[in-house]
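# Coordinate analysis (summary)
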Amino acid sequence: MIKFLDLHKINERFRSEIDSKLKEVLDSGWYLLGEQNKVFESNFAKYCGTKHCIGCANGLEALTLIIRAYGFGTGDEIIVPANTYIASILSITENGCTPVLVEPDINTYNINPDLIEEKINEKTKAIMVVHLYGQAVQMEKIWNLAKKYNLKVIEDSAQAHGAMYQGKRTGNLSDASGFSFYPGKNLGCLGDGGCVTTNDDELAEKIRAIRNYGSHIKYHNIYKGINSRLDEIQAAVLDVKLKYLDNDNNRRREIAEYYKQNINNPEIILPETYEDNAHVWHIFAIRTKNREKLQQYLKDNEIQTMIHYPIPPHRQECYKEWNNLSFPVTEQIHNEILSLPMSPVLTDEELDTICSVINNFR
Ligand SMILES: *Cc1c(COP(=O)(O)O)cnc(C)c1O
């Protein structure tokens, strides 16, 4: 069986370094907001090119914290792609704000910047972009709109660690960005983890407090905060793996290139990439009219695939109020999309097999 993602194999490559870090944390007797957080936050901020990185418990809460720290709430609208993982939307509704959904571009799956302006009104406070599948959004038009209407730009970078737009990394393309370190992400820990990156000093200080019960000084609570911290163990593991992120992303690019060069089945539409963009291929998603049939055929041939995602947010039960809305591009993507195996530990032989099996699909 060719696995979609072999997490054990991914982490096994760093076993001795991770083992010694785990021992170091255990021996230190300090498990939250300590030296490991400080070191990782500093290294990840440097990596992204931002002034600040604030660790937190997961990607959803990274985004939730940003919106909360800006003080957006009931009555405020935040523009967000209709085609995204549910967490982007949940971070908005969790704060009582209203998500305003915008259709993606069919070829790149990312938000279509030309459809944003018509959704802006006096309630709009921010545009949340999602660098879906590892490809940075074309930010130029977004920045211009934000400037024109005085809006904040928030990035959901959960799938795009290390991706670039015009030579700048994700996490540094907006006012504030949320990252996830869920085990399956390009930079993943051994459980849940996340962070916020920003160049805004005031916002950074506020988020530092809000993630820790709203306090900078123990038992002095200046905000109604939450508990959303990055464990020392996870920070230590992430700091080990960060050193190898660029290498891993390069291997993902090789794999994507191989798929593009070698898949030539007319039933299959390959993903497109923008110029002036360094894609990190968190997911390699193809499209086909016969998605269920292709997935079953690949399964019969011992190739595991996934669907990111089978149900769009506006069709989810938890958002009943939108179930009758129509987003045809988003719906088409959800019906046709299929994610092929993609990870830095995929071998050339496996790639070869996947391509020839796909090319024989009728
Ligand atoms: C994974 C993911 C998140 C949420 O991250 P968690 O750490 O799982 O909470 C948010 N947005 C996108 C696009 C994601 O892929």
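These lines cover the structure that appears in this document, whether it is placed above or below.

Definitions and limits used
Residues numbered from 1 in each chain as written. Predicted model: local features only at pLDDT ≥ 70, side-chain atom pairs only at ≥ 80, totals over all residues. Heavy atoms only, no water. Helix = DSSP H or I, 4+ residues; strand = E, 2+ residues; numbered from the N terminus. Areas by Shrake-Rupley, 256 points an atom, 1.4 Å probe, with all protein chains shown as cover. Phe/Tyr/Trp six-rings, centres within 6.5 Å; stacked < 30°, edge-to-face > 60°. Buried < 20%, exposed > 50% of the residue type's maximum accessible area, 1.4 Å probe, protein only. Pairing = 2+ DSSP bridges. Salt bridge = Lys/Arg side-chain N within 4 Å of Asp/Glu carboxyl O. Near = heavy atom within 4 Å. Polar contact = N/O pair within 3.5 Å; in protein donor to acceptor, adjacent residues only side chain to side chain. Contact = heavy atoms within 4.5 Å. Disulfide = S-S within 2.5 Å. Axes fitted to C-alpha atoms, helices over the stretch in contact; angles between N-to-C directions.

In terms of regular secondary structure, the protein is built from 12 helices and 12 strands. Projected onto its principal axes, the C-alpha positions of the protein cover 65 × 55 × 40 Å. Working note: accessible area of the protein is about 15900 Å², and carbon and sulfur atoms make up 49% of it.

Within this structure, the stated rule accounts for 14 aromatic pairs. Residues Tyr297 and Phe361 carry aromatic rings whose centres are separated by 5.2 Å and whose planes lie at 45° to one another, so their mutual orientation is tilted. Of the two residues, Tyr297 sits in helix H10 (residues 291-300) while Phe361 sits in the segment after helix H12 (348-359), which places them 64 residues apart along the sequence. Residue classification places Phe361 among the buried residues on the basis of a relative accessible area of 2%. Through pairs of rings, three or more aromatic residues link up here, namely Phe40, Phe44, Tyr47, Phe179 and Phe181.

Next up on the list: the sheet that holds strand E6 (residues 164-165). Within a sheet, adjacent strands bond to each other through the backbone by hydrogen bonds, running parallel or antiparallel. Strand order in the open sheet formed by 3 strands is E7-E6-E10, and the pairing between neighbours is antiparallel. Bordering the open sheet on either side are strand E7 (168-169) and strand E10 (277-278), each of which pairs with just one other strand.

Applying the stated rule across the entire model yields 19 salt bridges. Of the charged contacts, one joins Arg13 and Asp248 as a salt bridge, the two residues approaching to 2.9 Å between their closest N and O atoms. Pair noted here: Arg13 is in the loop between helix H1 (7-12) and helix H2 (15-28) and Asp248 is in helix H9 (residues 245-262), with a separation of 235 residues, a long-range link. The buried category is assigned to Asp248, whose relative accessible area is 10%. Here Lys51 makes a salt bridge to Asp201, at a shortest N to O gap of 2.9 Å. Within this pair, whereas Lys51 is found in the loop between helix H3 (35-48) and strand E1 (52-56), its partner Asp201 is found in helix H7 (residues 201-210), the two being separated by 150 residues in sequence.

This part takes up the site of the ligand. Taken together, the neighbourhood of the ligand is formed by Asn58, Gly59, Leu60, Tyr85, Ala87, Val130, Asp156, Ala158, Gln159, Ser180, Lys185 and Tyr309. One of the backbone N or O atoms of Gly59 is found 2.7 Å from an oxygen atom in the ligand. Within the contact set of the ligand, an oxygen atom lies 2.9 Å away from a backbone nitrogen or oxygen of Leu60. Expressed as a share of its isolated accessible area of 380 Å², the protein-covered part of the ligand is 91%.

Take helix H5 (residues 86-94) next. Note on helix geometry: an α-helix contains 3.6 residues per turn, so any two residues three or four positions apart are oriented the same way. Buried within H5 we find Ile86, Ala87, Ser88, Ile89, Ser91 and Ile92. Buried residues along H5 sit in contact with helix H4 (59-70), strand E2 (77-81), strand E3 (98-102), strand E4 (124-130) and strand E5 (152-156).

Attention now moves to the state of the cysteines. Throughout the structure, instances matching the rule amount to 0 disulfides. A disulfide-free cysteine, Cys53 has its sulfur positioned 3.8 Å from the sulfur of Cys195, the nearest such atom. Cysteine Cys318 remains unbridged, with the sulfur of Cys97 as its closest cysteine sulfur at 16 Å.

As for its position among the elements, Tyr259 is in helix H9. In this structure, the C-alpha to C-alpha distance between Tyr259 and Phe284, residues 25 residues apart in sequence, is 8.9 Å. Ignoring anything within four residues of it in the chain, the contact list for Tyr259 reads Leu270, Phe284, Leu340, Pro341, Leu346, Leu351, Ile354 and Cys355.

What follows concerns the sheet that holds E1. Ordered in space as E1-E9-E8-E5-E4-E2-E3, the 7 strands form an open sheet in which the pairing is mixed. Every other strand in the sheet has two partners, leaving E1 and E3 as the edge strands with one partner each. For this sheet the average axis-to-axis angle between neighbouring strands, irrespective of direction, equals 25°. Both E1 and strand E9 (residues 194-198) contribute to a ladder of 5 bridges, which runs antiparallel. The partner of Gly55 across the bridge, within E9, is Cys195. Along the sheet, H4 contacts E1, E2, E4, E5, strand E8 (176-180) and E9; its crossing angle with E8, the most-contacted strand, is approximately 160°.

Another aspect to go through is helix H11 (residues 328-336). Those residues of H11 not exposed but buried are Thr330, Glu331, Ile333, His334 and Glu336. For H11, the elements touching its buried residues are strand E11 (284-287), H10 and strand E12 (337-340).

Turning to the side chain of His161, a few remarks are in order. Secondary-structure assignment places His161 in the loop between E5 and E6. Taking relative accessible area as the criterion, His161 reaches 0% and is therefore assigned buried. At a separation of 2.7 Å, a polar atom in the side chain of His161 contacts the main-chain carbonyl oxygen of Ser180. Contacts of His161, omitting those with residues within four sequence positions, involve Phe44, Thr170, Phe179, Ser180, Phe181, Lys185, Asn186, Leu187, Leu245, Asn249 and Val280.

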